[in-house]
Amino acid sequence: MMIEAVKEEASQLLRQGYDGVLGLAKRWGHVGPYLFTKPEELQDLVLEPRYPLAKIICQLQRKWPDKKLGAIVRGCDQRALKNLEERGIFQRDGFVFIGIACSAEEAEACNCDKPLYDTHGCTGCWKCVEKCPQEAIKIINPCPILVPKEFEAGIFPRKAIYKPFPQAVPNRAVRDGEHCLKIQGRLDCKGCENICEAKAITHEMEDRYEEVEVGAIVVATGYELLPKGEIREFEEDPDILDGLQFERILCPSGPTNGVILRPSDGKVAKEVVFISCVGSRDPEHGLPYCSRVCCMYLVKMAMLYKHAVHDGQAYIFYMDIRVTGKGYEEFVQRAVEENGVLYLRGRVSKVFRDGDKIKVWGADTLTGKRVEIAADLVVLGMAITPDARARELAEKLGIATDEHGFMAEIHPKLRPLETSVPGIFLAGVVQGPKDIQDSVAQASGAASKVLVLFSKDELILEKVAAS
Amino acid sequence: MNCDFVLTICPFCGCGCNVYLQVLDGEIAGVIPCKTDEISEGRLCVKGRNAHRFIQHQDRLKTPLIKQNGQFRPASWQEALEAIGQKLTQIKRDFGPDAIAFISSAKCTNEENFALMKFARAVIGTNNIDHCARLCHASTMVGLMSAFGSGAMTNSTTEIEGADCIFVIGSNTSEQHPMVASRILKAKDNGAKLIVVDPRRIPLAHFADVYLQIEPGTDVCLLNGLMNIILAQGLVDEQFVSQRTEGFEDFKKKIEEYPPQRVQQVTGIPSEELERAARMYGEAERATIIYCMGVTQHTTGTDNVRSCANLALLTGNVGRESTGVNPLRGQNNVQGACDMGALPNVFPGYQAVDDPSMKAKFEKAWDTTLSSSPGLTLTEMFEAAYRGQIKALYIVGENPLLSEPNARHAQEALEKLDLLVVQDIFLSETAQLAHVVLPAASFAEKEGTFTATDRRVQRVRKAIDPLGDSKPDWAIISQLAQYIGGKGFDYASAEDIMEESATLTPIYSGISYQRLDSGEVLAWPCPTKGHPGTKFLHQETFTRGKGRLFAIDFREPAELPDEEFPLMLTTGRLMFHYHTGTMTRRIPSLESEVSTGFVELNPEDAQRFGVKPGERVTVKSRRGDIEIDVFITDRVAPGVVFIPFHFAECAANVLTSDELDPEAKIPELKVCAVNIQGKG
């Protein structure tokens, strides 16, 4: 019985000299929070129902910072306290958690989205987190497999059982059947099974397709970047990154915690070269269009880089600075004047490794001189291209794509959200390169188109005749 | 290190939510909802969540205050009790006991109401005791008492969930009784139909299957109209009517005078809507009526209540689970204050003071002689004080200066008194006029019981010691009683009082602290120690025998709009504040939500009076005027304005009329005529 184990654990703490253990007690016929200070009081201890205790725990700690305290808590509280700890509101040191697991029914009732392996079994008790001897990894993951993590743009690894990205909704772990040793039958590995106290992990679950009937579809499948290897003049090297990869390195909650480290040797990058229009506006590579967002994101990255590495130098090679949004031009000016970002007008002819450095050969067409920079890191503003599977999707949906593979609207000026199929709408870069603002605006438009469609009980379609 | 979580009852509305007060070394650090409580189910409204924030507020009264040369000075208990005792004795000697009146408190515990009631009746010898129920559900007491034999909510809060049709009239439930509203919405989720009748488009109206935006004050006409349709369409529960009710023939004749056309003319509600509502209610298997101040605070309050009772009787929707006529009580313990006899005409348990056998019973128990003439009601007390007939007024935990209608008149009345004693936790507007102010302990500092709106008696537990020199009200009253030689006030604890009241109050006889502390849910009547309490009333027979159908004529409100005062004012409350704001306006998080009053005005009227949004205007009635900001909204219909009454600086009750319901003596707080003047 869980309750006996919890009582034993709590009474041990109290006997060891802890001043109090917060839990739930039944008094006056009702269950509520209670701070147990003597082992004999624990006879009133109960575990049901769920009470959120994180706030009370913080209050107790603030009131009595010198006391040794513990608490009997569920996974949700542990997660809450972890977040509070990151914000400096709660100090984990010296505070003892006695974890209790929720039953599947309770998890269901709470609509709890925990990192589940078996979506019905795991109760989010996070015992597995507690069991980790060093808090080296935030979420212990005993899986032996390492593969490039998609969310980190492939530059950092993940396990075969992992959370796709920090803000994933639902916030659950997923299993990568392609790499899992046990599923592939290569090894009877039970790393994750052993650690999960809720016995939530099954390797028998399989992916399945679900059929859903809908009245409208908004296609918002996004884009891909042109692969770096497409440009032969630029070598493939761990220190030559595309925008999405460098974005992860800049991210304060990313794999390097926002420290600008070179993937090759983990040293802080002191000179970074940003190159715009890599593939874009380049008919030779079949991409005559402008990708629209690179000018802005490269200067943003250069600025963030300068904020992270004050003594570093950022260079941006450009053809034109195309920044037309509200406040964009001022932003570029600020980058140049306040952050010392150096703009070089000209194309880059070659990027290659030279010992410890990455050499960038280019031209400054304003001074007419050849430029050679020995950089630590090179960031390429790769062209935006349609997702490789977009054409296939378009065929399935019966809608048209343009010459580059972006989904085509029915009328570029008057009906920019609609496709040739009534009830199918477009939002975002799937239709063509655009920035976040435009994507959000278009998505809002598409959503309201859907609502307009659903607001009537009957649907009136335009007559279409073959001619 | 002293940490405790004390289970007690939320001090705001009548829902009666169990809450835990979190106490850290004598400081109340928070309110935690009780997950095992069947009323709140572990949720609390914004007021309940913040209930701890006024308890240890710096403004709390900590010593007795005596007024000298127009200024308060701190005094000792000895001094204060001496001053009050001497004056009371003197007034009693010179003018007789009926020159003294008591206003008890629906915020205080049952024990404290019992103690004050006993003090008034046994020590002073007057039945002049009343409390704010007079201003809220006096008409319910009279109306339901005459129709059913009991003036309380017939069914329990939890039962609402199981109803098929919910008829909400004159209750802004989601703002004033959030936990009841959550039951209504749950019932709605379960497929129940919801009918909302209110002059304002209240939040609940958005969920209603039928929303009837009624002209204020035309409730009787509307209800008669509904019953006319129910009769015409044969939706009457004939078995129920013939076996369990009386007065059907007269009633039927009267109802026939209210065809839908007439009702449409008076109430402004189209007859098709009326018919939909009537069918919905009439056809439901289990229909429940929920009502509140919108029904009771009228000169026709008693008629309104009886009409609601008629509707339920006609369709057989009483005496079964999930049906009934359910007045929602506004204060945490207004039900208990009534039960404990803080009313001028009854002893505890609604035992009439003019019934010789009852009088004899109490005289024997208290070893004294009692008055057999019913005392003055709260509204009459002010009139009597104004005339000089009442010389001393002892007010416990109420702020009538803001809650009384025609507030300026009330102030003049109070200023004429020889002795005004106010016992409160804050120096309220009323307390500022007092001769002696006694510091009382808040709900968190004392033991006792509250009775929730659905008659459920629940325990209030002490979380911290009383602040400063303050004392629980029952202790103050006991001391004062002993000081002037009253017998039978040697209570050692609130429990002693509860035990005494149980022996004298049949409906409470089976209730004890021991049973309540073991977690039993006890709703009165609970006549014996083994009785499980009563979930819903009138199951086999009505308390009075048969349910009485009344033939009721529609009467117009006392004051209607005219040339000079063309708008109809209706008053009410907001979600974030509680009554006169003594508590909630000291809670920063609530004060920041709504920090002052406003007048709701329809856009059409705004145009008509040339008023712009947010403009400061003067609202004027025959009794007074206030300055207030305008909030233009179509929540109110054209011709109707709404002002919340919480705010002293723009007190709605300066405007309201003190016309009374002839039977219940409840003032018409919901309708009066006003005009609006912009600055420009």
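Residues numbered from 1 in each chain as written. Chains lettered and ligands numbered in written order. Predicted model: local features only at pLDDT ≥ 70, side-chain atom pairs only at ≥ 80, totals over all residues. Heavy atoms only, no water.

1. As for the overall build of chain B
Quick note on the threshold: Runs of E in the DSSP output that reach at least two residues are strands. Runs of H or I that reach at least four are helices, and both are numbered from the N terminus. Radius of gyration: C-alpha atoms only; globule rule: 2.2 Å multiplied by the number of residues to the exponent 0.38. A simple rule labels every residue: compare its accessible area, found with a 1.4 Å probe on the protein chains alone, to the largest value its type can have, and call it buried under 20%, exposed over 50%, or partly exposed in between.
When helices and strands are tallied, chain B shows 24 helices and 28 strands. The globule rule puts the C-alpha radius of gyration for 680 residues at 26 Å, and the 24 Å found for chain B is close to it. Based on the C-alpha atoms only, the size of chain B along its principal axes is roughly 70 × 65 × 55 Å. Looking at chain B residue by residue over its 680 residues, the buried ones come to 66%.

2. Focus: a positive patch on the surface
What counts is decided by this rule: Each patch is built from residues that are more than 30% exposed by relative accessible area and take part in no salt bridge. Like charges join if they lie within 9 Å; nonpolar side chains (Val, Leu, Ile, Met, Phe, Trp, Tyr) join within 5 Å. To be clear on the numbers: accessible area is Shrake-Rupley with a 1.4 Å probe, and residue cover counts the displayed protein chains and nothing else. The term salt bridge refers to a side-chain nitrogen of Lys or Arg lying within 4 Å of a carboxyl oxygen of Asp or Glu. We score Asp and Glu as negative and Lys and Arg as positive, and we do not count His or the chain ends. Taken as the charge centre is NZ of Lys, CZ of Arg, CG of Asp or CD of Glu, depending on the residue.
Residues Lys55(A), Arg62(A), Arg49(B) and Arg53(B) make up a contiguous surface patch of positive charge. Mapping Arg53(B) onto the fold places it in the loop between helix H1 (46–49) and strand S4 (65–68).

3. Points about a nonpolar patch on the surface
All names here are of chain A. Together, Val212, Val214 and Ile217 make up an exposed nonpolar region whose accessible area comes to about 270 Å². Structurally, Val212 is set in the loop between helix H6 (191–195) and strand S10 (217–219). The exposure class assigned to Val212 is exposed, which follows from its relative accessible area of 64%.

4. With respect to the packing of aromatic side chains
Stated precisely, the cut-off is as follows: Pairing of aromatic rings covers Phe, Tyr and Trp, the last counted by its six-membered ring, and requires centre-to-centre distances within 6.5 Å; plane angles under 30 degrees mean stacked, over 60 mean edge-to-face, and any other angle means tilted. Charge-over-ring placement is defined geometrically: NZ (Lys) or CZ (Arg) within 6 Å of the ring centre, and within 35 degrees of the ring normal.
Counted according to the given criterion, the structure contains 25 aromatic pairs over all chains. Seen from their ring centres, Tyr34(A) and Phe36(A) are 5.1 Å apart, and the 75° between their planes marks the pair as edge-to-face. When its relative accessible area of 0% is taken as the criterion, Phe36(A) is described as buried. Cluster of aromatic residues (ring-pair linked, three or more members): Phe12(B), Phe54(B), Phe426(B), Phe443(B) and Tyr578(B). The ring of Phe550(B) carries Arg306(B) above its face, with NZ or CZ at 4.4 Å from the centroid. Directly above the aromatic system of Trp524(B) lies the positively charged group of Arg455(B), at a separation of 6.0 Å from the ring centroid.

5. A few points about the domain arrangement of chain A
Accessible area lost upon the coming together of the parts is a frequently used measure of interface size. All names here are of chain A. Our working definition: An automatic or database domain assignment supplies the residue ranges for each domain. In what follows, residue pairs with any heavy atoms lying within 4.5 Å of each other are defined as contacts. Buried area: the accessible surface (1.4 Å probe) lost by two parts on joining, summed over both. For this analysis, a polar contact is any N or O atom pair within 3.5 Å, provided that within protein one partner can donate a hydrogen and the other can accept it, and provided that sequence-adjacent residues contribute only side-chain to side-chain pairs. Under the convention adopted here, Pro, Cys and the residues Ala, Val, Leu, Ile, Met, Phe, Trp and Tyr are nonpolar, Asp, Glu, Lys and Arg are charged, and Gly plus all remaining residues are polar.
For chain A, the assigned domains are domain 1 (1–116), domain 2 (123–204), domain 3 (223–385) and domain 4 (387–454). The straight-line distance from the C-alpha centre of domain 3 to that of domain 4 is 30 Å. Between domain 3 and domain 4, the residue contacts involve 12 residues of the former and 10 residues of the latter. Carbon and sulfur atoms supply 59% of the area buried between domain 3 and domain 4, which totals about 940 Å² over both sides. Applying the counting criterion to the domain 3 and domain 4 interface returns one salt bridge. Linking domain 3 with domain 4 are three residue pairs in polar contact (both at pLDDT 80 or more), by the criterion used here. Those elements giving two or more residues to the side of domain 3 that touches domain 4 turn out to be strand S11 (223–225) and strand S20 (384–386). Among the residues forming the side of domain 3 that touches domain 4, the class breakdown is seven nonpolar, three polar and two charged.

6. Concerning the sheet that holds strand S16 (residues 392–396) of chain B
All names here are of chain B. Our working definition: A pair of strands is labelled paired if DSSP reports no fewer than 2 bridges between them. Orientation is described by axes fitted as lines to C-alpha atoms, over the contacting stretch for helices, and by angles from 0 to 180 degrees between their N-to-C directions.
In space, the seven strands of this open sheet follow the order S5-S4-S18-S17-S16-S6-S7, with mixed pairing throughout. The open sheet has two edge strands, strand S5 (71–74) and strand S7 (129–130), and neither has a second partner. In this structure, strand S17 (residues 419–424) lies alongside strand S18 (residues 436–439), joined through four bridges in parallel fashion. Bridge pairing links Val422 to Val437 in S18. Its contacts with the sheet put helix H3 (residues 110–124) on strand S6 (100–103), S7 and S16, and the angle it makes with S6 is roughly 170°.

7. Quick notes on H3(B)
Quick reminder: α-helices carry 3.6 residues per turn. Residues three or four places apart thus point the same way. Residue and element names in this part refer to chain B. Threshold: How far a helix is expected to stretch is found by multiplying one less than its residue total by 1.5 Å.
Counted at 1.5 Å a residue, the expected span for H3 with its 15 residues is 21 Å, and the 20 Å between its end C-alpha atoms agrees. For H3, the tally of buried residues reaches 15 of 15 residues, placing the bulk of the element in the interior. Immediately beyond the C-terminal end of H3, within one or two residues, lies Gly125, with a positive phi of roughly 95°.

8. Quick word on the nonpolar core
Put simply, the rule is: Nonpolar cores are built from buried Ala, Val, Leu, Ile, Met, Phe, Trp, Tyr and Cys residues. Side-chain atoms within 4.5 Å join them into one set.
Ranked by size, the top nonpolar core spans 120 residues in total, and within it Phe119(B) and Tyr394(B) carry the most contacts. When residues of this core are assigned to their parent elements, the largest contribution, nine residues, is made by H3(B). Filtering out sequence-adjacent residues up to four positions away, Tyr394(B) remains in contact with Ile84(B), Ala101(B), Phe102(B), Ile103(B), Leu116(B), Val421(B), Gln423(B), Leu438(B), Ile476(B) and Leu480(B). Among the nonpolar cores identified, the runner-up in size contains 60 residues, and Phe234(A), Val278(A), Val299(A) and Ile316(A) belong to it.

9. What to know about the packing of helix H8 (residues 219–232) of chain B against helix H11 (residues 260–267) of chain B
Each packed pair of helices is defined by two parameters, the angle between the axes and the distance between the axes. Residues and elements named next belong to chain B. Selection criterion: Should an angle fall under 35 degrees it is called roughly parallel, over 145 degrees roughly antiparallel, and 65 to 115 degrees roughly perpendicular, with every other angle called oblique. By convention, the crossing between two helices is left-handed when the near helix turns anticlockwise from the far helix through less than a right angle, and right-handed when the turn is clockwise.
Direction vectors running N to C along H8 and H11 enclose 160°, while the axes themselves pass 9 Å from each other. When the axis of H8 is compared with that of H11, the two are roughly antiparallel. When you trace H8 past H11, the crossing you get is left-handed. In this structure, H8 uses Cys221, Leu222, Gly225, Asn228 and Ile229 to contact H11, whose residues at the interface are Pro260, Val263, Val266 and Thr267. When its residues are assigned to classes, the contact of H8 with H11 shows six nonpolar, three polar and no charged.

10. Focus: the pairing of strand S27 (residues 640–644) of chain B
All names here are of chain B. The element S27 is largely enclosed, with a buried count of five among its five residues. Both faces of S27 are covered, namely the face carrying Val640, Phe642 and Pro644 and the face carrying Val641 and Ile643. In the sheet, strand S23 (residues 567–572) pairs with S27 via five bridges, with the strands oriented parallel. Within S27, the position partnered with Met568 by the bridge is Val640. Pairing geometry for strand S24 (residues 598–601) and S27, over two bridges, is antiparallel. Looking at S27, one finds that Leu601 is bridged to Val641.

11. Thoughts on the environment of Pro270(B)
Residue and element names in this part refer to chain B. Examined against the element boundaries, Pro270 turns out to sit in the loop between H11 and helix H12 (271–283). Here Pro270 falls in the partly exposed class, since its relative accessible area comes to 33%. Expressed as a C-alpha distance, the spacing of Pro270 and Val422, which sit 152 residues apart in the sequence, is 50 Å.

12. Remarks on the packing of helix H17 (residues 378–387) of chain B against helix H19 (residues 407–415) of chain B
Residues and elements named next belong to chain B. Between H17 and H19, the shortest axis-to-axis distance is 8 Å and the interhelical angle comes to 55°. Comparing the axis directions of H17 and H19 gives the class oblique. Viewed along their axes, H17 and H19 form a crossing whose handedness is left-handed. Of the residues in H19, those touching H17 at Phe382, Glu383, Ala385 and Tyr386 are His409, Ala410, Glu412, Ala413 and Leu414. The residue makeup of the contact of H17 with H19, split by class, is six nonpolar, one polar and two charged.

13. Concerning the sheet that holds strand S3 (residues 27–33) of chain B
To summarise the sheet geometry, strands pair through backbone hydrogen bonds and adopt either a parallel or an antiparallel arrangement. Overall, antiparallel pairing links the three strands, which are arranged S1-S2-S3 (chain B) in an open sheet. Only two strands of the sheet have a single partner each, and these edge strands are strand S1 (3–9) and S3 of chain B. The mean inter-strand angle of the sheet, taken between neighbouring strand axes irrespective of direction, is 30°. Relative to S3(B), strand S2 (residues 18–24) of chain B runs antiparallel, the two being bridged by six bridges. What sits directly across from Val23(B), in S3(B), is Ile28(B). Along the sheet face, helix H2 (residues 54–63) of chain A touches S1, S2 and S3 of chain B and points at about 20° away from the line of S2(B).

14. Description of the side chain of Arg456(B)
Residues and elements named next belong to chain B. Along the chain, Arg456 turns up in strand S20 (residues 456–460). Given a relative accessible area of 4%, Arg456 falls into the buried group. The contacts of Arg456, once residues within four sequence positions are left out, are Glu38, Ile39, Ser156, Thr158, Phe450, Thr451, Val521, Leu522 and Ala523.

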